[in-house]
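Chain residues, written in single-letter form:
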There are 2 protein chains.
Amino acid sequence: MPSEWDTHTSVTATGDGLFGAELDPGWVVGGGVNGGYLLGILGRAVAESVPAKPHPLSVSAYYLSASTPGPAQVSTRVLREGGSVATVAAELGQEGVTRITALATYGDLRAMHGDVATTAEEPALPPIEECVPGTMAPEEVRRIAPLMERFDIRFDPACVGWAMGAPSGNGLIQGWFRMADGHDVDPVGLLMVCDALPPVTFDLGLPGWAPTLELTVHVRAVPTPGWLKVSHRTRNVAGGMFEEDCEVWDSAGRLVAQSRQLAMQPRR
Amino acid sequence: MPSEWDTHTSVTATGDGLFGAELDPGWVVGGGVNGGYLLGILGRAVAESVPAKPHPLSVSAYYLSASTPGPAQVSTRVLREGGSVATVAAELGQEGVTRITALATYGDLRAMHGDVATTAEEPALPPIEECVPGTMAPEEVRRIAPLMERFDIRFDPACVGWAMGAPSGNGLIQGWFRMADGHDVDPVGLLMVCDALPPVTFDLGLPGWAPTLELTVHVRAVPTPGWLKVSHRTRNVAGGMFEEDCEVWDSAGRLVAQSRQLAMQPRR
């Protein structure tokens, strides 16, 4: 049985470098469709455009306008393919209006060799059963964020004060993550995981929508099946913007994705 | 008198969204032209394409082929301009071959308001006069890297062991930075500063060229004139690649630019 993710992100070739997709209403959050989900659809179209390079190594997306559930189109243009990597330009649009424009370099992570030397430290999370499930969010939150039904997130209790009106002020949100249907996340799925948690500004006492200007994800390994650990952190709020750094660690303790986005600060 | 940087990065409009440039041989390093310099030229062409939005907020560049000194062409395409930001696609090519393709969002950093809350910590550097000037590099290094003559870099002595065959292994290179001609760095210049220091892999005992796949720079403020502090750090070497995070701090102690690149690991 295909996973919900595979079904919701499926794309159909409609021409040379052209794909049709259907934005599922289950990914709505607030007034728009989750940016990570959109990037997943775009990422699948890119993968189909360069079949010998199935995995994103780096994807940079610029968000131009808010999406709505319903039909969408993806166009891809291979800029260079040779050796072990391919670079592709891609756009996701609706009715002729571009929603996201992106550049991507794809390769085959299984064929990438080399030592692993990671000095980054895995998020220190309490055991899953001591963490706070996203399903405990208030009904009024879940109503405007059906997105939350897609995931099984268990938040670090030290980072959920914002849900009770007492944000820590540290600029850190982290937790355990898996898909609600229990299917494992593949490399394209990691593009979505990097934008799945609430904006880290919640932890700074700034609730509200934080529109992404730019999001770059580096996928560094095929994740080992099982629970993922995800952290979102910001260290520089300035000029009405903030950066959000995300790390995704797999069940084998590998740092499988690193992302940074630049987003507009929510209005107080 | 114009700065060397302004002269070397000047672009001439040759059509609608088309610009001519001349890649100066003074920016060669090893077998190619420095990627940060190329990004500066591309960044200037973007600024000229959206005059009301003079400053890069975010630029993501994908490097497709190595450049050589001589004529180059930049094409820009405005994807969206409205409100306070504009998003532009840009390519830098030579004789019809694309060298860099990029996406960029520009705005006016002087018009961006909001609190500044930075928890990132400024690099701890010894006083300038206790640091190691780049001019102390061996003659054979300087011969293949005329790039080094463009800058006045004073390296933190704790991070230059690699120059004496004793890399620290920490994955950190940092130092004081200014242009050799004493001119201050503007926001477009910060795109270059983020790729000016030697690859951080030198500090891991991996000398040699580290080809950039992708580089994204976020410019967060107009730098206050004076010496900059620049750090390069890597925390995840894996799959034959590494990420390099750069921070640039100005003389007023503000974190004015943050960048991350994904690069290929040099061969041992």
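Residues numbered from 1 in each chain as written. Chains lettered and ligands numbered in written order. Predicted model: local features only at pLDDT ≥ 70, side-chain atom pairs only at ≥ 80, totals over all residues. Heavy atoms only, no water.

(A) Fine view of the overall build of chain A. A count of helices and strands for chain A gives four helices and 17 strands. For 268 residues, the compact-globule estimate of 2.2 N^0.38 gives 18 Å, and the C-alpha radius of gyration of chain A, at 18 Å, lies within 12% of that figure. Taken along its principal axes, the extent of the C-alpha atoms in chain A is 50 × 45 × 45 Å. The averaged location of the 31 negative side-chain charges in chain A is 4 Å from the averaged location of its 19 positive side-chain charges. (Helix = DSSP H or I, 4+ residues; strand = E, 2+ residues; numbered from the N terminus. Rg over C-alpha atoms; globule rule 2.2 N^0.38 Å. Lys, Arg positive; Asp, Glu negative; His and termini not counted. Charge placed at Lys NZ, Arg CZ, Asp CG, Glu CD.)

(B) Molecular detail of the pairing of strand S6 (residues 70–82) of chain A. Residue and element names in this part refer to chain A. Of the strand pairs in this sheet, strand S2 (residues 18–23) and S6 are connected by six bridges, and their pairing is antiparallel. Across the sheet, Ala21 pairs through a bridge with Ala72, a residue of S6. Taken together, the nine bridges between S6 and strand S7 (residues 85–94) define a ladder with antiparallel strand orientation. Bridge pairing links Glu81 to Ala86 in S7. (Pairing = 2+ DSSP bridges.)

(C) Representation of helix H2 (residues 35–49) of chain B. For H2 of chain B, with 15 residues, the first-to-last C-alpha span of 21 Å sits near the 21 Å given by 1.5 Å per residue. The opening residue of H2 of chain B is Asn34 of chain B, an N-cap whose side-chain oxygen sits 3.1 Å from the backbone nitrogen of Gly36 of chain B. (Expected span 1.5 Å × (residues − 1). Polar contact = N/O pair within 3.5 Å; in protein donor to acceptor, adjacent residues only side chain to side chain.)

(D) Geometry of the relation of the copies chain A and chain B. Between the two copies, chain A and chain B, the superposition gives an RMSD of 0.0 Å; the rotation angle is 180 degrees and the shift along the axis is 0.0 Å. The two molecules are tied by a two-fold rotation axis, judged by turn and shift. No C-alpha of chain A lies nearer the rotation axis than that of Ser60 of chain A, which sits 3.4 Å from it. The share of interface residues of chain A whose copies in chain B are also at the interface is 100%, consistent with both copies meeting through the same surface. (Least-squares fit on C-alpha atoms with pLDDT ≥ 70 in both. Contact = heavy atoms within 4.5 Å.)

(E) Main features of the environment of Ala137 of chain A. Locating Ala137 of chain A in the fold gives a position in the loop between strand S10 (132–133) and helix H3 (139–144). With residues near it in sequence (within four places) discarded, Ala137 of chain A still touches Arg142 and Met148 of chain A.

(F) Looking closely at the interface of chain A and chain B. In this assembly, 52 residues from chain A lie in contact with 52 residues from chain B. Regarding the contact of chain A and chain B, the summed buried area is about 4400 Å², with carbon and sulfur atoms giving 49% of it. Of all residues in chain A, Tyr62, Arg220 and Arg235 of chain A give up the largest surface area on contact with chain B, accounting jointly for 16% of the area buried on that side. Joining chain A to chain B, the criterion identifies four salt bridges. Note that Asp245 of chain B is salt-bridged to Arg260 of chain A, the shortest N-O span being 3.9 Å. There are 38 residue pairs in polar contact (both at pLDDT 80 or more) connecting chain A and chain B. (Buried area = accessible area lost by both parts, 1.4 Å probe. Salt bridge = Lys/Arg side-chain N within 4 Å of Asp/Glu carboxyl O.)

(G) Quick look at the UniProt feature "domain: Acyl-CoA thioesterase-like N-terminal HotDog" (unreviewed entry) in chain A. Here, the residues flagged by UniProt with the feature "domain: Acyl-CoA thioesterase-like N-terminal HotDog" (unreviewed entry) are residues 24–107 of chain A. Secondary structure over residues 24–107 of chain A splits into 18% helix and 56% strand, and the C-alpha atoms at its two ends are 28 Å apart. (UniProt positions renumbered as here; feature names shortened; annotations may be inferred.)

(H) View of the packing of aromatic side chains. With the rule as written, the count across this model stands at 15 aromatic pairs over all chains. Ring plane angle 65 degrees and centroid distance 5.6 Å describe the contact between Trp5 of chain B and Trp27 of chain B, whose orientation is recorded as edge-to-face. Remark: Trp27 of chain B occurs in the loop between strand S2 (18–23) and strand S3 (28–29) and Trp5 of chain B occurs in helix H1 (residues 4–8); sequence separation between them is 22 residues. A network of ring pairs unites the aromatic residues Trp5, Trp27, Tyr37, Phe151 and Phe177 of chain A as a single cluster. (Phe/Tyr/Trp six-rings, centres within 6.5 Å; stacked < 30°, edge-to-face > 60°.)

(I) Just the UniProt feature "domain: Acyl-CoA thioesterase-like C-terminal" (unreviewed entry) in chain A, in detail. The UniProt record annotates "domain: Acyl-CoA thioesterase-like C-terminal" (unreviewed entry) at residues 129–264 of chain A. This span, residues 129–264 of chain A, is 10% helix and 38% strand, and a straight line between its end C-alpha atoms measures 34 Å.

(J) Region of interest: the environment of Thr12 of chain A. All names here are of chain A. Among the secondary structure elements, Thr12 is positioned in strand S1 (residues 12–15). Separated by 36 residues in the primary sequence, Thr12 and Glu48 have C-alpha atoms spaced 9.6 Å apart. If we ignore the near neighbours within four places in the chain, the residues touching Thr12 are Leu18, Phe19 and Gly20.

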